[in-house]
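# Report on the structure
Given next are the chains, with one letter for each unit.
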Amino acid sequence: MEMLVPSDMIAAQSRLFYQLNKFYGDRVQARKTAIAKTVSDVFKVVQDVLREVEVQEPRFISSLNERNGRFDGLEVLSPTEFEVILYLNQMGVFNFVDDGSLPGCAVLKLSDGRKRSMSLWVEFITASGYLSARKIRSRFQTLVAQACDKSSYRDVVKVVADTTEVRLRIRERYVVQITPSFRCSGLWPRSAAHWPITHNPWPNPNLVAEVKAGGFDLLSKNCVSLQGKQSSVERDAWVLNFREAEDSLLVGGCRKKCLSILKTMRDRHLDLPGNPVTSYHLKTLLLYECEKHPREIEWDDACLGDRLNGILLQMTSCLQCRRCPHYFLPQLDLFKGKSTSSLENAAKQCWRLTRELLTSQRSLEKL
């Protein structure tokens, strides 16, 4: 039988497969080990501060948990930056409104006829009946600053001053953002109603149902898409977040391995001034790649090289066009607020990295 694929191409594929596994075993695992050590240190400090906050103000109950070495509620943004999502008690008397007027955001409005005094968050409700993300965050920031002064870690933890977000600097090296939020389960936002695109075999209907039932989070943080048009409603709005939905979609095949390799490459080659490429951009493009390659066989370990190249080429293209649409909210551009020069610089670096991977057999030893 004639071989349809030239043998040297098969040899090249298997060399790339070997190189990627070696890169994963060496570089990726080393990054994971180092981050795990940092996380367990950072976690102790943040937990101590949040316990103190809870004593002062029982409405801000810490939802940080450690379970067999896994840290619930803490997300790694980079080896030195972390975000803690602090889930607040549900309030039950608000309507969730996302009419598209605030891209990527939504407001919580008192249900008609409900009395302000019936809400747990009475003093954070505006005259027009909105639960203000900004007012809650401002109160929380004050409490965190007081808690840092009382914390047994007060010598190593400081509140970052020049921001309305709640950020801690720990041991002068790490930054942790603590974001008050509400979990919205069993609800799916209207602004993401177009998802998934019809007729695409991925994700399968069961997974779609599971993701939609899981819902989303509303975060109290600055929304980049609203910068420059800060009317009071905008400042009171909550940012939509789909972290759990995204994580559910990336289960299976080499998807998570692919993301770990991309993050490691980002830290080594695309950690650039102005932070044009974040791990969230990579995760977003990985989700689009899953749509382009809907069959599970395309996420077999043997296809890892092809998937990485596809995502890096797409990243280069997005950087050149200066647009990266959010996966669930494509009207939202994830490059908004990034400078043109930082995106152009990143496009060059990203293309250099992709070209190196595509053309050089031994590129991964150097990368």
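Everything here concerns the structure above.
Read on for an overview of the structure. As the structure is a prediction and not an experimental result, all values here were calculated from the model.

This part covers helix α3 (residues 205-214). Regarding α3, the residues found buried are Leu207, Val208 and Val211. With its buried residues spanning 100 degrees around the axis, α3 presents them on a single face. Opposite its buried face, α3 presents the exposed residues Pro205 and Asn206, each directed more than 90 degrees away. Buried residues in α3 make contact with α5 (243-249). Glycine 215 sits one or two residues past α3 and shows a positive phi near 80 degrees.

Our next topic: helix α8 (residues 304-321). Side chains three or four residues apart in an α-helix point the same way, a direct result of the helix having 3.6 residues per turn. Helix length check: α8 (18 residues) gives 26 Å between terminal C-alpha atoms against 26 Å at 1.5 Å per residue, within 8%. What α8 keeps buried is the set Leu304, Gly305, Arg307, Leu308, Asn309, Gly310, Ile311, Leu312, Met315, Thr316, Cys318 and Leu319. Residue arginine 322 follows α8 closely and has a positive phi angle near 55 degrees.

Of the pairings in the sheet, the one linking strand β3 (residues 74-78) to strand β4 (residues 81-87) comprises four bridges and is antiparallel in character. Bridge assignment links leucine 74 to a residue of β4, and that residue is valine 84. In this antiparallel pair of consecutive strands, β3 and β4, the connection spans two residues.

So, about the packing of helix α6 (residues 255-269) against helix α7 (residues 279-292). Put simply, α6 and α7 touch, their axes get as near as 10 Å, and they point 145 degrees apart. When the axes of α6 and α7 are compared, the crossing they make is right-handed. Residues Arg255, Cys258, Leu259, Leu262, Lys263 and Arg266 of α6 touch α7, and the partners they reach there are Ser279, Leu282, Lys283, Leu286 and Cys290. Taken together, the residues of the contact of α6 with α7 sort by class into six nonpolar, one polar and four charged.

That bond from tryptophan 195 to proline 196 is cis: its omega, -5 degrees, falls within 30 degrees of zero. Within the fold, proline 196 resides in the loop between β9 (174-184) and α3. Cis geometry is adopted by the peptide bond preceding proline 203, which originates at tryptophan 202 and carries an omega value of -10 degrees. Take proline 203: it is sitting in the loop between β9 and α3. Although it is not a glycine, histidine 199 sits at a positive phi angle of roughly 70 degrees.

The next subject is the pattern of salt bridges. Pairs can form between side chains of opposite charge once their charged atoms are near each other. Summed over all chains, the structure comprises 24 salt bridges. The salt bridge involving aspartate 267 is made with arginine 31; its shortest N-O contact spans 2.6 Å. Of the two residues, aspartate 267 sits in helix α6 while arginine 31 sits in helix α1 (residues 7-56), which places them 236 residues apart along the sequence. Pair check on accessibility: aspartate 267 and arginine 31 agree, each one buried. Here the salt bridges do not stand alone but share partners, grouping Arg31, Arg266, Asp267 and Asp271 into one network.

Let us now look at the environment of isoleucine 178. Inspection of the secondary structure assignment puts isoleucine 178 in strand β9. Note on isoleucine 178: relative accessible area 1%, which makes it buried. Setting aside its immediate chain neighbours within four residues, isoleucine 178 contacts Val46, Leu50, Val84, Leu86, Phe140, Val166 and Leu168.

Orientation of α7 relative to α8, taken along the N-to-C sense of each, is 120 degrees, at an axis distance of 10 Å. Taken as axis vectors, α7 and α8 run oblique relative to one another. Relative to α8, the crossing made by α7 is right-handed. In this structure, α7 contributes His281, Leu282, Leu285, Leu286, Glu289 and Lys292 to the contact, and α8 contributes Asp306, Arg307, Gly310, Ile311, Gln314, Met315 and Cys318. Considering only residue class, the contact of α7 with α8 consists of six nonpolar, three polar and four charged.

Scanning all chains against the criterion turns up 17 aromatic pairs. Taking 5.0 Å as the distance between ring centres and 70 degrees as the angle between the ring planes, the aromatic pair formed by tyrosine 327 and phenylalanine 328 counts as edge-to-face. In this structure, tyrosine 327 and phenylalanine 328 share a single accessibility class: buried. Among the aromatic residues, those joined into a ring-pair cluster are Phe96, Trp188, Trp195, Phe216, Phe242, Tyr288, Tyr327 and Phe328. Lysine 109 extends its terminal NZ or CZ atom over the ring of tyrosine 130, reaching a point 5.0 Å from the ring centre. The positively charged end of arginine 307 is found above the aromatic ring belonging to tryptophan 299, 5.8 Å away from the centroid.

In this structure, strand β6 (residues 105-110) lies alongside strand β11 (residues 238-241), joined through two bridges in antiparallel fashion. Bridge assignment links alanine 106 to a residue of β11, and that residue is tryptophan 238. In terms of strand pairing, strand β10 (residues 216-219) meets β11 through three bridges, oriented antiparallel. The residue bridging leucine 219 from the neighbouring strand is valine 239, located in β11.

Analysis parameters
Residues numbered from 1 in each chain as written. Predicted model: local features only at pLDDT ≥ 70, side-chain atom pairs only at ≥ 80, totals over all residues. Heavy atoms only, no water. Buried < 20%, exposed > 50% of the residue type's maximum accessible area, 1.4 Å probe, protein only. Helix = DSSP H or I, 4+ residues; strand = E, 2+ residues; numbered from the N terminus. Arc of directions from axis to C-beta. Contact = heavy atoms within 4.5 Å. Expected span 1.5 Å × (residues − 1). Pairing = 2+ DSSP bridges. Axes fitted to C-alpha atoms, helices over the stretch in contact; angles between N-to-C directions. Left-handed = near helix turned anticlockwise from the far one by under 90°. Nonpolar A, V, L, I, M, F, W, Y, C, P; charged D, E, K, R; others polar. Salt bridge = Lys/Arg side-chain N within 4 Å of Asp/Glu carboxyl O. Parallel < 35°, antiparallel > 145°, perpendicular 65-115°, else oblique. Phe/Tyr/Trp six-rings, centres within 6.5 Å; stacked < 30°, edge-to-face > 60°. Lys NZ or Arg CZ within 6 Å of the ring centre and 35° of its normal.

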